[in-house]
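Analysis of the macromolecular model
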Amino acid sequence: MSYGDVGLHRSTKQNNIITKNMDTRKPFAFISYSRKDVAVATDIRQRLEKYVYSKELVLPENRPEDPRYVRPIFQDLADLHTRKENFWDELKEKVRDARYLIVICSSNSAQSETVKKGISYFLQTHDNDTSRVIPLFIDNIVPMTEVVDEIVKVRNCPIYITKRDKEGHVGRKYCFYHLLEYLLHVDFYKLYNRYEAYKRRKATRKIMIAMSFFALALITTIYG
């Protein structure tokens, strides 16, 4: 289970069906990335689309079109040159309609013409509003495009830690809630404390269930 799954969970097959049914909706965010970083991009998209946001914390004007989840998030599955000729035209429509642009930043994406083109077109169609561009770095801050480099100078950006140990797990958790902070315009600690409260409730339920089974076993033993 991912740390963003506060609320109802669905199977991958169900999520794929839901995603297909949401094609007519404008993307809440468009993920721009190098094909070499597809694993990170996919993980971010799945975590976001599973997250149940709080209507008490998120103002109506900052909510996604989906009334419950942070959806839809658009992620293309290959670089521009690997697809049919009209792929860029289709991609432009999604970039233009997206409310936010999440840029997966790495040495790979720094060299990707598709990523550069996506950033440029997003700004052209969003009044050059860089507050809607969210750079997310993989492991370390690296030089990117001029626009992203300028954002890094004035804003703390999420960093996705790829290590699979405890430190990496905590790093990805902080990265996710840092990203949500920008997308939903809710303070990081309010989001993170909500997650911690959810974990405590879940742990309490597990303890209560275990105690119930123990009590039942004890009664069964006593009364045969």
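Please refer to the structure placed before this passage.
Read on for an overview of the structure. Worth saying up front: this structure is predicted, and the values here are computed from it rather than measured.

Calculation rules
- Residues numbered from 1 in each chain as written.
- Predicted model: local features only at pLDDT ≥ 70, side-chain atom pairs only at ≥ 80, totals over all residues.
- Heavy atoms only, no water.
- Phe/Tyr/Trp six-rings, centres within 6.5 Å; stacked < 30°, edge-to-face > 60°.
- Helix = DSSP H or I, 4+ residues; strand = E, 2+ residues; numbered from the N terminus.
- Buried < 20%, exposed > 50% of the residue type's maximum accessible area, 1.4 Å probe, protein only.
- Lys NZ or Arg CZ within 6 Å of the ring centre and 35° of its normal.
- Axes fitted to C-alpha atoms, helices over the stretch in contact; angles between N-to-C directions.
- Left-handed = near helix turned anticlockwise from the far one by under 90°.
- Contact = heavy atoms within 4.5 Å.
- Nonpolar A, V, L, I, M, F, W, Y, C, P; charged D, E, K, R; others polar.
- Polar contact = N/O pair within 3.5 Å; in protein donor to acceptor, adjacent residues only side chain to side chain.

Some details on the packing of aromatic side chains
- Considering all chains together, one arrives at 10 aromatic pairs under this definition.
- An angle of 80 degrees between the planes, with centres 6.2 Å apart, marks the rings of Tyr51 and Tyr177 as edge-to-face. You can see Tyr51 sitting in the loop between helix H2 (38–50) and strand S2 (73–75) and its partner Tyr177 sitting in helix H6 (residues 166–184), a full 126 residues away along the chain. A single burial state applies to Tyr51 and to Tyr177, both of which are buried.
- By the ring-pair criterion, three or more aromatic residues cluster together here, those being Tyr51, Tyr174, Phe176, Tyr177, Phe188, Tyr189 and Tyr192.
- Across from the ring centre of Tyr69, 4.0 Å away, lies the NZ or CZ of Arg71, which sits over that ring.
- Over the ring of Tyr182 we find Arg155, and its NZ or CZ is 5.3 Å from the ring centre.

Some points on the packing of H2 against H6
- Where H2 meets H6, the axes come as close as 11 Å, and the angle between the chain directions of the two elements is 60 degrees. Every pair of crossing elements has a handedness; the one defined by H2 and H6 is right-handed. Judged by residue contacts, Ile44, Arg47 and Leu48 of H2 engage Arg172, Phe176, Leu179, Leu180 and Leu183 from H6.
- The residue inventory of the contact of H2 with H6, partitioned by class, reads six nonpolar, no polar and two charged.

Topic: the side chain of His178
- Summarising the element assignment, His178 is placed in helix H6.
- Look at His178 and you get buried, because its relative accessible area is 16%.
- Separated by 3.3 Å, the side chain of His178 and the backbone oxygen of Asn156 make a polar contact.

Focus on unusual backbone geometry
- A cis amide bond links Arg71 to the next residue, Pro72, at an omega of -10 degrees.
- The topology assignment puts Pro72 in the loop between H2 and S2.
- With a phi angle near 70 degrees, Asp139 is a residue other than glycine that sits in the positive phi range.
- Mapped onto the elements of the fold, Asp139 is located in the loop between strand S4 (133–138) and helix H5 (146–154).
- Owing to a relative accessible area of 29%, Asp139 belongs among the partly exposed residues under this scheme.

With respect to the environment of Phe30
- If you trace the backbone, Phe30 turns up in strand S1 (residues 29–32).
- Distance from Phe30 to Arg45, taken between C-alpha atoms, is 9.4 Å for residues 15 residues apart in sequence.

Digging into the side chain of Ser112
- You can see Ser112 is positioned in the loop between strand S3 (100–105) and helix H4 (113–124).
- On the accessibility criterion, Ser112 (9% relative accessible area) is buried.
- A polar atom in the side chain of Ser112 sits 3.2 Å from the backbone nitrogen of Val115.

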